[in-house]
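# Overview (structure and organization)
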Amino acid sequence: FGFTHSKEFKEKLEQIGFNYIENSLTNYPTTFFSLSTTLNGSLVNENLEFSEKQINKTMYNSRLHELLIKNDYKIFWYSTNWLGSKCNKNLFKCMNTSFYVGEFLKNYLLLININHSWIDKISFKFLKKRKKMHLDKITRDLDTILKEKKPRYVYGYLNTPHSPYTVDPKCIYVHEKGLKENITFTKKQYFEQVLCLKNQIEKFTLKIEEKNRRPFIIIIQSDTGWSFDPNLIDEGRPQPQ
């Protein structure tokens, strides 16, 4: 799709020790189906009907998580505004959870015509409180996570690169720069978030190598793909695949 930094991204991953898997495809273009198959190691019968709530249970109670819990792992779970990433506090150590980041508050504010992003803008303007985004949230918490004496597993659902446009190539939250909330999500901005992710992966890997004294594995996997409609290339609007 004309992403000029794709070779640089691949080389950077390889330089910091990642095996880059060529032509690795997801099974479904729907997030909760894709995550469920990944965590359970099996495909979903598409002829059956499922509610999103049922599929979420297959993530929480997946074969992978069942195996980890059986082997006395402490599971640190990161949620986003997406309901499918909600943490089960009975099974996991819930990270990044508060009423403020939840889907309920976001939708309630929309009902009374208040945009959620204005809270972040005001917080930065008056409190100078910089918001951590995506993988940087986990990097921030590594000191706490690594203090855990049990074997540890961290599940982080990272909503990037993805609309809406949230970070620039340097991973600065865009609302700190005064951008309007309803800007068009362009191809250029999609790729800027890819570059941010590259920088965040490098920062995360260097920190965990510096702080951790036990063997570790990092797996980064995309759950669904995007494509750009050739008829909209000039406009740069990504279309879901």
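Note: the structure precedes this text.
Here's what I pulled together on the structure shown here. Every chain is numbered on its own, with residues counted from 1 as its sequence reads. Predicted model: local features are reported for residues with pLDDT of at least 70 only, side-chain atom pairs are reported and counted for 80 or more only, and whole-chain, interface and lining totals are derived from all residues. Computation of side-chain values covers all heavy atoms of the structure but excludes hydrogens and water.

All right, on to the packing of aromatic side chains then. Centres within 6.5 Å are what make two rings of Phe, Tyr or Trp a pair, Trp counting through its six-membered ring; a difference in plane orientation under 30 degrees is then read as stacked, over 60 as edge-to-face, and the rest as tilted. What the rule picks out here adds up to 6 aromatic pairs. Pairing F33 with F50 gives two aromatic rings, centres 6.2 Å apart and planes at 80°, and the pair type is edge-to-face. Residue F33 is found in helix α2 (residues 31–40), and its partner F50 is found in the loop between α2 and α3 (52–60); the two are separated by 17 residues along the sequence. Cluster of aromatic residues (ring-pair linked, three or more members): Y60, W77, F92 and Y155. Here a helix means four or more residues in a row that DSSP labels H or I, a strand means two or more in a row labelled E, and each is numbered from the N terminus.

Turning to the nonpolar core, a few remarks are in order. Throughout this description, the term nonpolar core refers to a set of buried Ala, Val, Leu, Ile, Met, Phe, Trp, Tyr and Cys residues connected via side-chain atoms within 4.5 Å. Here's how the labels work: a residue is buried when its accessible area is under 20% of the maximum for its type, exposed when over 50%, partly exposed in between, all with a 1.4 Å probe on protein chains only. Counting residues in each nonpolar core, the largest one holds 24 residues, and the members touching the most others are F3, F9, I138, I145, V194, I201 and F204. Per-element accounting of this core gives the leading share, 8 residues, to helix α8 (residues 187–211). By definition in these notes, contact holds between two residues if any of their heavy atoms fall within 4.5 Å. Once you skip the residues sitting within four places of it in the chain, I138 turns out to touch Y78, I145, V154, G156, L158 and F204. With 14 residues, the next largest nonpolar core counts I55, C87, Y153 and Y157 among its residues.

Counting buried positions along α2 yields 8 of 10 residues, so the element is predominantly enclosed. Residues of α2 that are buried include every one of T31, F32, S34, L35, S36, T37, L39 and N40, and no others. Immediately beyond the C-terminal end of α2, within one or two residues, lies G41, with a positive phi of roughly 70°.

On to the sheet that holds strand β3 (residues 152–156), then. Strand order across the open sheet formed by 3 strands is β2-β1-β3, with parallel pairing between neighbours. Since the sheet does not close on itself, it has two edges, and those belong to β2 (93–95) and β3, each with one partner. Strand-to-strand twist in this sheet, taken as the mean axis angle between neighbours without regard to direction, amounts to 20°. By definition, two strands form a pair when at least two bridges between them are found by DSSP. Sheet analysis places strand β1 (residues 74–78) next to β2, joined by 3 bridges and oriented parallel. The residue of β2 that forms the bridge with W77 is C94. Between the N-to-C directions of two axes lies an angle of 0 to 180 degrees, each axis being a line fitted to C-alpha atoms and, for a helix, fitted only over the stretch in contact.

Along the chain, S36 turns up in helix α2. Sequence-distant contacts of S36, defined by excluding residues within four places in its chain, comprise I55, T58 and M59.

Let us now look at the pairing of β3. A one-sided burial pattern is seen for β3, the buried positions being Y153 and Y155 and the unburied ones R152, V154 and G156. Across 5 bridges, β1 lies against β3 in parallel orientation. What sits directly across from Y78, in β3, is G156.

Before going further, it helps to examine unusual backbone geometry. Each neighbour pair has its own omega, and for T160 with P161 the value is -5°, a cis peptide bond. Assignment of secondary structure puts P161 in the loop between β3 and α8. For H134, which is not glycine, the phi torsion reads 55° and is therefore positive. Along the polypeptide, H134 turns up in the loop between α6 (117–127) and α7 (135–146). Residue class for H134 comes out buried when judged on its relative accessible area of 10%. Phi at C171 is positive, roughly 70°, even though this residue is not glycine.

Attention now moves to α7. Any helix carries an expected span of 1.5 Å times its number of residues minus one. The end-to-end C-alpha distance of α7, which contains 12 residues, comes to 16 Å, matching closely the 16 Å that a straight helix rising 1.5 Å per residue would cover. In terms of residue burial, α7 counts as a mostly covered element, since 9 of its 12 residues are buried. Along α7, the positions that sit buried rather than exposed are L135, D136, K137, I138, T139, D141, L142, I145 and L146.

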